[in-house]
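Examining the three-dimensional arrangement
The residues making up each chain are set out below.
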Amino acid sequence: MSTHLPPTQLSAPSSAATVADTASAAPGDISRRAPSAPAPVTLPATGALHGAVIDWFDEHARDLPWRRPDAGAWSVMVSEFMLQQTPVNRVLPVHAEWLERWPRPADLAKESPGEAVRAWGRLGYPRRALRLHAAATAIAQQHGGEVPREHTELLALPGIGEYTAAAVVSFAYGRRHIVLDTNVRRVFARLVTGVEYPPNATTAAERRVALALLPGDEDTAARWAAATMELGALVCTARSPQCGSCPLAARCAWRLAGSPAHQGPPRRGQTYAGTDRQVRGRLLAILRASHTPVARAVLDTAWAEDEQRSRALDGLITDGLVEQLPDDSFRLPA
DNA sequence: GATGCGTGGTT
DNA sequence: TAACCAAGCAT
């Protein structure tokens, strides 16, 4: 892997038109803020930065199936859906199963959505399975069976948002695009802004920083995107960052400021026990396990409280994860 | 912009 | 051991 680097690029290059800065002021917007001047950020010299991170990546990157040279765009896309809020180790076996069973989008599109939900297993957030199935159907019908190459086309597919579209563009097609997931955002928050954690939602300021740091060369940019993400996943972690092993420790604004603790309200408390989500999970687990329709009385065993159980089941039906049959039995969608 | 949406491992 | 955390998306 070459460590040759493109010229330092501190301002957004002209090709930045491909990068959505959706939070920038609309043309006609006369806002309080001066129209031309975003808050200045002190950026590190990017050339050396790229080299440090990419060299680290060359040595420490995990060998993941969707990163191998023979992995196609579909493999990358499936992995990105599964990795939305689910750790790598739990994704690995399911991803392998899916790619073997459905090697192309059209193969998945031929199945019922319920089969996708069943094969999703216990990855969590099963609506992702439904959306991935719907996205595969759209690809088969409207894109000639090929995963789209354009960010805007990907964004139009169900289950694909700003991050996933960027990930496919960058990882699958090697194109130059900012990629802002929770790992990259945390790395940049610490490296550039000097705070422990990024804001809860991605901001225009973060997109500006990401664009300013993005290498100009296409191949280097794609490598950089994967490398910064991996650094966040393995070293610059949320809880216990391994700054002693970090190639950026000497340049890290947060580190240089003495690693100040996070200011402001707690991140977010998501309790699970007793929520509708837990009930939905139990109901769906019963339905996944059965290849024949399940009587209502069987689902009743999943949760004692009638009202909550009923609400959860209704929600699953509304979401298209469950079908109700005329005889008041239930199954995954055909 | 705040919520809801699964599941299981780590601290 | 509760709480936190994990490559977000849609509404």
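The following paragraphs examine the structure supplied in this document. Note that the structure is predicted; figures quoted are calculated from it, not measured.

Details of the overall build of chain A
If you tally the helices and strands in chain A, you get 15 helices and 3 strands. Going through the 334 residues of chain A one by one, you find that 44% of them count as buried. A sequence separation of at least 24 residues applies to 67% of the contacts in chain A between residues at least 6 apart. Entry remark: accessible area of chain A is about 17,300 Å², with carbon and sulfur atoms responsible for 53%.

Quick look at the nonpolar core
In this structure, Trp74, Met77, Trp98, Leu132 and Val147 are the most contacted members of the largest nonpolar core, which totals 50 residues. The element best represented in this core is helix H6 (residues 127-142), accounting for 7 residues. Once residues within four sequence positions are removed from consideration, Met77 is found in contact with Leu132, Ala135, Ile139, Val147, Ile160 and Val168. Core analysis: the next-biggest nonpolar cluster, separate from the first, contains 34 residues, Val179, Phe188, Ala225 and Cys236 among them.

Remarks on empty space enclosed by the protein
Taken as a whole, this structure holds 3 cavities of 30 Å³ or more when the rule is applied. Taken together, 15 residues form the lining of the largest cavity, with Arg190, Cys236, Cys243, Cys246 and Cys252 sitting closest to its centre. Elements with a minimum of two residues in the lining of the largest cavity: helix H9 (182-193) and helix H12 (253-256). Per-element accounting of the lining of the largest cavity gives the leading share, 3 residues, to H9.

Topic: the pattern of salt bridges
What the rule picks out here adds up to 19 salt bridges. Between Arg296 and Asp328 there is a salt bridge; the shortest N-O distance is 2.7 Å. In this pair, Arg296 is assigned in helix H14 (residues 296-299) and Asp328 in the loop between strand E2 (323-324) and strand E3 (329-331), connecting sequence segments 32 residues apart. The exposure class assigned to Asp328 is partly exposed, which follows from its relative accessible area of 29%. Residue Arg309 is joined to Asp300 by a salt bridge in which the shortest nitrogen-to-oxygen separation is 3.0 Å. Judged by its relative accessible area of 10%, Arg309 is buried.

A closer look at the packing of aromatic side chains
This model, assessed by the stated rule, comprises 3 aromatic pairs. Judged by centre distance (4.7 Å) and plane angle (85°), the ring pair of Trp98 and Trp102 falls under edge-to-face. Across the pair, Trp102 and Trp98 agree in class, each one buried. For the ring pair Trp98 and Trp120, a centre distance of 5.7 Å and an interplane angle of 75° mean the geometry is edge-to-face.

Observations concerning the sheet that holds E2
Read from one edge of the open sheet, 3 strands run E1-E3-E2, paired in antiparallel fashion. Taken across any chain shown, the strands that pair with only one partner, and hence form the sheet edges, are strand E1 (294-295) and E2. Relative to E3, E1 runs antiparallel, the two sharing 2 bridges. Counterpart to Ala295 in the pairing with E3 is Ser329.

Side note on the protein's contact with DNA strand B
Lining the immediate surroundings of DNA strand B are 16 residues, of which Arg90, Arg122, Pro126, Arg280 and Gly281 lie closest. If you look at DNA strand B and keep only atoms within 4 Å of the protein, 59% of those are sugar or phosphate atoms. One of the side-chain nitrogen or oxygen atoms of Arg122 is found 2.4 Å away from a phosphate oxygen of DNA strand B. A distance of 2.3 Å is found between a phosphate oxygen of DNA strand B and a side-chain nitrogen or oxygen belonging to Arg280. Residue assignment for the surface near DNA strand B shows that the elements contributing at least two residues are H6 and helix H13 (276-289). Ranked by residues supplied to the surface near DNA strand B, first place goes to H13 with 4 residues. Residues of the surface near DNA strand B, tallied by class, amount to 4 nonpolar, 4 polar and 8 charged.

Examining helix H2 (residues 73-83)
Residues spaced three or four apart along an α-helix face the same direction, because each turn holds 3.6 residues. Burial of H2 is extensive: 10 of the 11 residues sit out of reach of the surface. Restricting attention to buried positions, one finds in H2 the residues Ala73, Trp74, Ser75, Val76, Met77, Val78, Ser79, Glu80, Phe81 and Met82. Of the surrounding elements, those touching the buried residues of H2 are helix H3 (88-101), helix H4 (105-109), helix H5 (113-120), H6 and helix H8 (162-172). One or two residues past the end of H2 sits Gln85, with phi positive at roughly 80°.

Quick look at the state of the cysteines
For the structure shown, the criterion picks out 0 disulfides. Distance from the sulfur of Cys236, which forms no disulfide, to the nearest cysteine sulfur (Cys246) is 6.1 Å. With no disulfide of its own, Cys243 lies 6.5 Å from the sulfur of Cys252, the closest cysteine sulfur.

A few points about the packing of H5 against H6
Viewed as axis vectors pointing N to C, H5 and H6 meet at an angle of 135°, and their least axial separation amounts to 8 Å. The orientation of H5 with respect to H6, classified from their angle, is oblique. Considering how the two elements wind past one another, H5 and H6 form a crossing that is right-handed. Of the residues in H6, those in contact with Pro113, Ala116, Val117 and Trp120 of H5 are Arg128, Ala129, Leu130, Leu132 and His133. Counted by class, the contact of H5 with H6 contains 7 nonpolar, 1 polar and 1 charged residues.

Cut-offs and rules
Residues numbered from 1 in each chain as written. Chains lettered and ligands numbered in written order. Predicted model: local features only at pLDDT ≥ 70, side-chain atom pairs only at ≥ 80, totals over all residues. Heavy atoms only, no water. Helix = DSSP H or I, 4+ residues; strand = E, 2+ residues; numbered from the N terminus. Buried < 20%, exposed > 50% of the residue type's maximum accessible area, 1.4 Å probe, protein only. Contact = heavy atoms within 4.5 Å. Areas by Shrake-Rupley, 256 points an atom, 1.4 Å probe, with all protein chains shown as cover. Core = buried A, V, L, I, M, F, W, Y, C linked by side-chain atoms within 4.5 Å. 1 Å grid on protein atoms, 1.4 Å probe; cavity = no way out; pocket = protein on both sides within 12 Å on 5 of 7 lines; lining within 4 Å. Points joined across faces, edges and corners; volume = space filled by probe spheres on them. Salt bridge = Lys/Arg side-chain N within 4 Å of Asp/Glu carboxyl O. Phe/Tyr/Trp six-rings, centres within 6.5 Å; stacked < 30°, edge-to-face > 60°. Pairing = 2+ DSSP bridges. Near = heavy atom within 4 Å. Polar contact = N/O pair within 3.5 Å; in protein donor to acceptor, adjacent residues only side chain to side chain. Nonpolar A, V, L, I, M, F, W, Y, C, P; charged D, E, K, R; others polar. Disulfide = S-S within 2.5 Å. Axes fitted to C-alpha atoms, helices over the stretch in contact; angles between N-to-C directions. Parallel < 35°, antiparallel > 145°, perpendicular 65-115°, else oblique. Left-handed = near helix turned anticlockwise from the far one by under 90°.

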